Each structure stands twice: as C-alpha cells, then as structure tokens.
Amino acid sequence: MNKTIMQFFEWYLPSDGGHWNFLKEHCKQLSDVGINTLWLPPAYKGGGGINDTGYGVYDLYDLGEFDQKGAVRTKYGTKDQYIEAIAEAHKNNIEILADIVLNQKGGADDTEWVKVVKVDPANRNNKISDEYDIKAWTKFNFPGRNNKYSDFKWNWEHFNGVDWDENKKESAIFEFTGIGKGWDQDVDSENGNYDYLMLTDVDVSSPVVYEELLKWALWYIEIANLDGFRLDAVKHIDYEFFTRLINDLRTITKKELFTVGEYWSGDTNVLKKYVEETCHAFNIFDVPLHYNFFSAAKEKGNYDLRSLKSNTLISCKPENSVTFVNNHDTQPGQSLESFVDKSFSLQAYTFILTRQEGVPNVFFGDYYGIPNNNIAPLKDELDKLLKARKDFAYGVQHDYFDDAHVVGWTREDGLAALISNGNDDGCIKMFVSEKLSGKNFVDITGNVQGEIKIAEDGNGDFKVNGNSYSVWCMV
Ligand code: CA
C-alpha cells in the first residue's frame, strides 16, 4: 500500500490539552481513508508550558508527566494520553513519526557566567567584540522531574551560543568561546554560518551531548513505541550529527525508523547537496515544490503548469523526497508564510497524492481547516483523493505536461489525473494501459460526470473542467 503521511497538527491548535485524545478518536477514520503514517507535534515540555507548540523545548524527558513550567500536561495533553493515542494508531496500522527538536532549548532554570564574543547577525563568522563574560540562561536542572529517567543536567558547555545577556539585559548573538567551542562548520551558509537559529543553541558536536541525546532517543523510541522521526531545523545542525544518530538508532533498535528532515530552502541544489552529504540516510521535504505550488496559487491563470516539476527535489532525488502542500510554518501568520490557498491547493494535492515521486504529507490544517485563519476544511475533497491514492495510484507513470493550463498523468494500474488553471475545460488523450482496454473510468472527485472507456490501444480521452482537477479511476 502507498505510504501516506499526515502532519497531525497546525500552529493554532487550542492549548486545551485535548489533542492526543482527538487523535485517539480519529485513528480509525484516518486509517480507513489511507493515512498510514502520522507526524505528531513535539510532545515534550516547552519553555512556554501549555502554550508552547513544543519547538521551544525545555525538557526532552517530560512528555506531559511532571509539574514543570506551570503544568503537568503539555499543550496537547498528558504523557498517558499520548501513549494511549499512539497505541490506538498502531492498532489501526498507522505508524508514528515523532518531531525531534534538537537544535535549541528554551526556558532554562538558571543563569551562569559564560565567556563569549558577539557576532554580526548578518555574518556570524564576523566577531564584533573582544571576549568577555555574559550571564547566560544555560542551566537546565529540571527540578520538577527529580532525576527520573536521566540525571543529566545541561550547562553552557553543552551549548554554542545564546541571544540574551541577563547581566546587561542585551539582545545579540553571542558565540561561546573556549576549548572545543565555536559554531559547527558543516551547516547552512546563510548569514555566513547558520548554526545559530534561536534560544540556546545545542552543541551537537560535543561527545557528551551526543551520548546524552542517543540515550534519550532510545528511551523515547521505547517508551512511546515510535516508528520514525521528523527532524526539525536540520540546516542549523552539523550535517554529520543526524546521519550518525539515525544510523546508530537503526542499528541498536533494528527498526527501519522512516525519517524526514526539515531543511528549509527553496534551492534544490542546496537540498540535493544535503541529501548527498547525509549519505541518503533519510528523506527531506521538497520545499521547492511547495514554492511552485505557492506561485501557482498566487499567479493563478498566469502560471505555466508545465513548470510545476521544475527545480524540485522530486526531479533529482525522488527516493528521498517527502512532498507537501502546506505546513505549520507556511500557514497564515507564521514565520515562513507561503500558504497555498484553495485556488490551487486541491490541484496540488492531486499532484502529490497520485504521482509516483515522493511520499506525500497531508497537512492537518488543510484537512480539518484552521479556525484561527478562517480556513475551511477540505476533508471531503481530500478523502476522495486519498482513496484514489490508496486504491489506484500504482504502476508505471506517463506524463502529459504539454499545455500551459492543462496537464495530466496516468498510472498503469488504473488512474488518470488532470489539473487545470485556465477558464476553459480541457481534455487530454492519455495512455493508461493496453491491458485495461474496454474498462470504464469515472472521475472520483465528482467534478466531471460520466464514464470514459479505454480504447484498444490503451488510451482514453480524459476531461477536466476549467480551474479544476479530476482523477479518473477504474470502475
Ligand atoms: Ca545549531
């Protein structure tokens, strides 16, 4: 069966602690429509307590179990609810990817004096001060957990930098100095060196840190029965780190551990280089394809649909691509806002859900809607496309990208898809398979009525309405 991921959260979920229960109640329905992998939000306690989405991670060992940062539970619920929801997902043959946030930590318990230099935010290789001492929030003691699971305490030696000096109440980028310190070198080159993103930057090159994070990941896989990971902010983390960690985890656990990394760049060459430097150890998101969808949504009838595949990760590393239309960072109001709205989102989902290249990831906010952004759910439409993927999107693919406003493709096991962005209805003669000659196809989306019969030579004349999408599947 085709692998299909759903990102099971959006940024503005209510902080009511009800999310893990919501998941538990919806596993069966998701499984029925063909979702077999769920990427869940960061489950551990963030510095912002119940209002933290999880990316400001405070304590990796607190999955909503300890009275820390103002509550026992996280934004999404308690540890017990989390474990129960995962068990229910497994019962429905759904695998779980945990969101791993290892670049930074937030909400330290105490400050300490640390030797630093200030660096230029636009070029972090440029030191703009002499060495001096700041008071940094770098001590993580987790008093509320009281050494359960791990007695590891974090201090400045385990970090590379911060952006706040408590002594002078000054905001800047401070790079820690001393033996073995300095930004990691094998990271994205934006801003000179993009090791530092935010909060306290974890020094993943420290052997002590590696040992602790490996121990933690093994603990986490076992306690939550995880099947894989979504890796946050990999462009800010030394490239060797995750290659080594994921390979070590696979060796020790003997699990496949499907993994997808978030490398946010619209430049396919940068992504390709990362996939190669990490030895194809895991997948990454096809961000350039998302930007093509975004352009198509913005430019509407002026966008040339023949460009959809251009300069994308699926065009050069299809085996390592995870495709997506929107996510929690691209939704309105968020840091990487580039929301593919309804003018093209269903065409984009038709693309990622029925084509051969890449593993598609469906966004919770598209499926269930985003009340905070006044975005309506597309569940009914997406369920039809998911069914097409589950039952028909198999076999050799044939492409028909010849017209600027109507393009299509087929899969030999019995599917023909078309998308359009012009006002006129379209029709493309497409080859499906000689083996299916005489078979009838219907448009599973319901957008075009009637049946289309496959001719003796394996071709069919498939139709699509203007500014629409159709997915013809064998009856
Ligand atoms: Ca970093």
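Engineer: Please set out the coordination of the calcium ion residue by residue, giving values where relevant.
Structural biologist: Bound to the calcium ion on the protein side are N103 (OD1), D195 (O), D195 (OD), D201 (OD), D201 (OD) and H236 (O), at distances that span 2.2 to 2.9 Å. The site at the calcium ion holds six donor atoms, and with the angles between them running 47 to 168 degrees, its shape is irregular. Read in sequence order, the donor residues coordinating the calcium ion give the pattern N-x91-D-x5-D-x34-H. One end of the pair, D201, is in strand 12 (residues 200–202); the other, H236, is in the loop between strand 13 (228–231) and helix 4 (239–253), and 35 residues separate them in sequence. With relative accessibility at 0%, the residue D201 sits in the buried group.

Engineer: Which residues make up helix 5 (residues 268–277), and what are the values?
Structural biologist: Looking at helix 5, one finds that the buried residues are T268, L271, Y274 and V275. Buried residues of helix 5 fall within an arc of 125 degrees about the axis and therefore sit on the same side. Buried residues in helix 5 make contact with helix 4, strand 15 (283–285), helix 6 (287–299) and helix 7 (313–316). In this structure D267 caps helix 5, since a side-chain oxygen of it lies 2.9 Å from the backbone nitrogen of N269.

Engineer: Tell me about the environment of F462, residues and numbers included.
Structural biologist: Of note, F462 is situated in strand 24 (residues 459–464). Taking the relative accessible area as the measure of exposure, F462 reaches 0% and is therefore buried. Separated by 75 residues in the primary sequence, F462 and K387 place their C-alpha atoms 19 Å from one another.

Engineer: An account of the pairing of strand 14 (residues 258–261) is requested, with residue identities and associated values reported.
Structural biologist: Looking down a regular strand, the side chains alternate between one sheet face and the other. Neither face of strand 14 is open: one carries F258 and V260, the other T259 and G261, and all of them are buried. The sheet contact formed by strand 13 and strand 14 spans four bridges and is parallel. By the bridge assignment, F229 is partnered in strand 14 with T259. You can see the chain leave strand 13, run along helix 4 and come back into strand 14, and the turn it takes is right-handed. With two bridges connecting them, strand 14 and strand 15 associate as parallel partners. Residue pairing for strand 15: G261 is matched across the bridge by I284. In this fold, the crossover linking strand 14 to strand 15 by way of helix 5 has right-handed handedness.

Engineer: Describe the layout of surface pockets, listing the residues and the values that go with them.
Structural biologist: Taken as a whole, the largest pocket encloses approximately 370 Å³ of empty space. As for the largest pocket, its lining consists of 17 residues, of which L197, E262, D329, S335 and L336 are closest to the centre. A breakdown of the residues in the lining of the largest pocket according to their chemical character gives eight nonpolar, five polar and four charged. The wall of the second largest pocket is formed by 13 residues, among which E10, L13, P14, H19 and F364 lie closest to the centre. Elements represented by at least two residues in the lining of the second largest pocket include exactly helix 1 (19–33) and helix 9 (364–368).

Procedures and definitions
Residues numbered from 1 in each chain as written. Predicted model: local features only at pLDDT ≥ 70, side-chain atom pairs only at ≥ 80, totals over all residues. Heavy atoms only, no water. Donors = N, O, S within 2.8 Å, 3.2 Å for Na, K, Ca; no water. Tetrahedral: all angles 85-135°; square planar, octahedral: opposite > 155°, others 65-115°. Helix = DSSP H or I, 4+ residues; strand = E, 2+ residues; numbered from the N terminus. Buried < 20%, exposed > 50% of the residue type's maximum accessible area, 1.4 Å probe, protein only. Arc of directions from axis to C-beta. Contact = heavy atoms within 4.5 Å. Polar contact = N/O pair within 3.5 Å; in protein donor to acceptor, adjacent residues only side chain to side chain. Pairing = 2+ DSSP bridges. Right-handed = clockwise from strand over helix to strand, strands pointing away. 1 Å grid on protein atoms, 1.4 Å probe; cavity = no way out; pocket = protein on both sides within 12 Å on 5 of 7 lines; lining within 4 Å. Points joined across faces, edges and corners; volume = space filled by probe spheres on them. Nonpolar A, V, L, I, M, F, W, Y, C, P; charged D, E, K, R; others polar.

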